[in-house]
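Report on the structure
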Amino acid sequence: MSKVVKFGGSSLASAEQFRKVGDIVRGDKERRYVVPSAPGKRFQKDTKVTDMLYACYGLAETDKEFGKELSAIADRYQEIIDGLHLTLNLDGEFEKIGNAFRAKAGSDYAASRGEYLNGIIMADYLGFEFIDAVEVICFDGQGIFDPEKTNEMLSARLAGCGNAVIPGFYGAMPDGKVKTFSRGGSDITGSLVAKAAQADVYENWTDVSGFLVADPGIIKNPRRIDVITYRELRELSYMGATVLHEDAIFPVRQEGIPINIRNTNEPENSGTWIVGSTCQRSRYVITGIAGKRGFCCVNIEKDMMNTEIGFGRKVLEAFEENGISFEHVPSGIDTMTVFVHQDEFMDKEQKVAACLYRKAKPDAIEIEADLALIAVVGRGMKSTRGTAGRIFSALAHANVNVKMIDQGSSELNIIIGVTNDDFETAIKAIYDIFVLTNL
């Protein structure tokens, strides 16, 4: 068996955290491949190294002196090296970085150095081989990730390597120029390494003990999700639940490799397992609750709408032509409602309305702003009667007015629209009825 283990920035922010990581890796010989992030915050008001690198390169890009800022970054790494009692010297690396900054190597290069340097330290600390991600994570000439070439390069490199550290977050284009994933992209690197290594498990270590049923900023000490499917995770991630970069799912999902979200500070906690499918029932009827504020809805009314072929296409074309994507489109016999992101729609609302009148010729258009969408997700809902009824009952008792409900045929999730003001009240009410009372 083999495991790929990825550690987030908070897990590698200091020498103390590095030692915890070292104990975790050495505690299981199956943990053969390690993917580190850049050092995160050591305390609440601290600055992440990636942000320090962006700021430092910003000075270099405008031909301002950046030596002091680069030295501060070097000090962060030296603090870790000294705390681990390593003899490693990164002076040469920082000299290269300084020269590259002066040569305007690019913000992607600058940001990637956080993972690169942490990878060097981690490899030295563990006694593992260091594999620079530019050698194995491939982007094409337009900066688009190349999954086939990456898997080929990674598989070949790992085949002859017993243990290795591969920095997360970045790779390279054919000309050698560094290219990064979006923020949090170290999760993606870990998934790619797991696929290439044909690992049995991809462990993603962070500062929380897995996925929680609801946002801890809204629910005090919410329960942990033991097992969640990829489909459930996609639904919750899309609605704002963030523990894992959503693009990290696809490489391991294709290979049937489970992901285990673990807490570096509580290594004995089994965390959350993310799997393709499972016969295990979730502890509650629902698996999780997530949501977002900041939506508005455009309600289109037209008599006999349901008999007009192509009406829906005409409506959606009005949004498409103005560069606006829609979220949900519930409809009735004579009404059709389109939910969109309010910040995208506000400046274009009159153009969209005019386009709707021209194309669809509705009887009336009504726009309502300051709405929130909440997703109630769970594989257990399909086999449980009355789930929607319980949701509405809970919301009614909490005096929450439901603006919209949308349930897909898969019965995996129910989307509820409420006002922004009712957002937190609604989530608390749904959590209470399904989790605290455990109906």
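Residues numbered from 1 in each chain as written. Predicted model: local features only at pLDDT ≥ 70, side-chain atom pairs only at ≥ 80, totals over all residues. Heavy atoms only, no water.

1. Quick look at the environment of Phe311
The line we're drawing: For the purposes of this entry, the term helix denotes a DSSP run of H or I that reaches at least four residues, the term strand denotes a run of E that reaches at least two, and both are numbered from the N terminus.
Locating Phe311 in the fold gives a position in helix 10 (residues 311–320). For Phe311 and Thr62, which are 249 residues apart along the polypeptide, the C-alpha to C-alpha distance reads 53 Å.

2. Considering the packing of aromatic side chains
Rules: Only the six-membered ring of Trp is used, alongside the rings of Phe and Tyr, when aromatic pairs are assigned; centres must lie within 6.5 Å, and planes under 30 degrees apart are stacked while those over 60 apart are edge-to-face, with the rest tilted. For each residue, the accessible area found with a 1.4 Å probe, counting protein chains only, is set against the maximum for its type, and the residue is called buried under 20%, exposed over 50%, and partly exposed in between. Note on geometry: a ring has a charge over it if NZ (lysine) or CZ (arginine) is within 6 Å of the ring centre and within 35 degrees of the ring normal.
Scanning the entire structure with this criterion turns up eleven aromatic pairs. Pairing Phe7 with Trp205 gives two aromatic rings, centres 6.0 Å apart and planes at 25°, and the pair type is stacked. In this pair, Phe7 sits in strand 1 (residues 3–7) while Trp205 sits in strand 7 (residues 201–206), placing the two residues 198 residues apart along the sequence. Both residues of the pair, Phe7 and Trp205, count as buried. An aromatic cluster of at least three residues, connected via ring pairs, comprises Tyr57, Phe66, Phe101 and Tyr109. A cation over an aromatic ring shows up here: Arg26 above the ring of Tyr125, its NZ or CZ 4.6 Å from the ring centre. Here Arg113 stacks its cationic end above the ring of Tyr170, 5.4 Å away from the centre of that ring.

3. Some remarks on the pairing of strand 16 (residues 413–419)
For the record, the criterion: Paired strands are those between which DSSP finds at least two bridges.
A large share of strand 16 lies buried, amounting to six of its seven residues. Two elements, strand 14 (residues 364–377) and strand 16, share seven bridges in a ladder whose sense is antiparallel. Bridging across to strand 16, Val377 finds its partner in Asn413. Judged from the four bridges that link them, strand 15 (residues 404–407) and strand 16 form a sheet pairing that is antiparallel. The partner of Gln407 across the bridge, within strand 16, is Ile414.

4. Side note on the sheet that holds strand 13 (residues 335–341)
Which entries qualify depends on this criterion: Orientation is described by axes fitted as lines to C-alpha atoms, over the contacting stretch for helices, and by angles from 0 to 180 degrees between their N-to-C directions. The contact criterion used is simple: two residues touch if any of their non-hydrogen atoms lie within 4.5 Å.
Read across the sheet, six strands follow the order 12-13-11-14-16-15 without closing on themselves; strand pairing throughout is antiparallel. Lying at the two open borders of the sheet, with one neighbouring strand each, are strand 12 (326–328) and strand 15. When the angles between neighbouring strand axes are averaged without regard to direction, this sheet yields 40°. Of the strands in this sheet, strand 11 (288–301), strand 12 and strand 13 are in contact with helix 10, which crosses strand 13 at around 25°. Its contacts with the sheet put helix 13 (residues 387–397) on strand 14, strand 15 and strand 16, and the angle it makes with strand 16 is roughly 20°.

5. Examining helix 2 (residues 49–61)
It helps to recall that an α-helix has 3.6 residues per turn; residues three or four apart then point in one direction. Filter applied, for reference: In this scheme, a helix's expected span is set at 1.5 Å multiplied by one less than its residue total. Throughout, the arc means that of the directions going from the helix axis to the C-beta atoms.
For helix 2, spanning 13 residues, the distance from its first C-alpha to its last is 18 Å, which sits close to the expected 18 Å at 1.5 Å a residue. Three or more residues of helix 2 are buried, namely Val49, Thr50, Met52, Leu53, Cys56, Tyr57 and Ala60. Taken around the axis of helix 2, the buried residues stretch over an arc of 155°, which confines them to a single face. Those residues of helix 2 that are buried lie in contact with helix 3 (67–83), helix 4 (91–102) and helix 5 (107–126). Just past helix 2, the residue Asp63 takes up positive phi, approximately 60°.

6. Let's talk about the pairing of strand 1
Selection criterion: Classification remark: right-handed applies to a crossover when, strands pointing away from the viewer, the course from the first strand over the helix to the second runs clockwise.
Burial of strand 1 is extensive: five of the five residues sit out of reach of the surface. What you see with strand 1 is no split at all: Lys3, Val5 and Phe7 on one side and Val4 and Lys6 on the other are buried throughout. Across five bridges, the pairing between strand 1 and strand 7 is parallel. Bridge pairing in strand 7 places Phe7 opposite Trp205. Sheet topology places strand 1 next to strand 2 (residues 31–36); five bridges connect them, and they run parallel. When the bridges of strand 2 are listed, Lys6 appears paired with Val35. With helix 1 (residues 15–26) bridging strand 1 and its parallel neighbour strand 2, the resulting β-α-β unit is right-handed.

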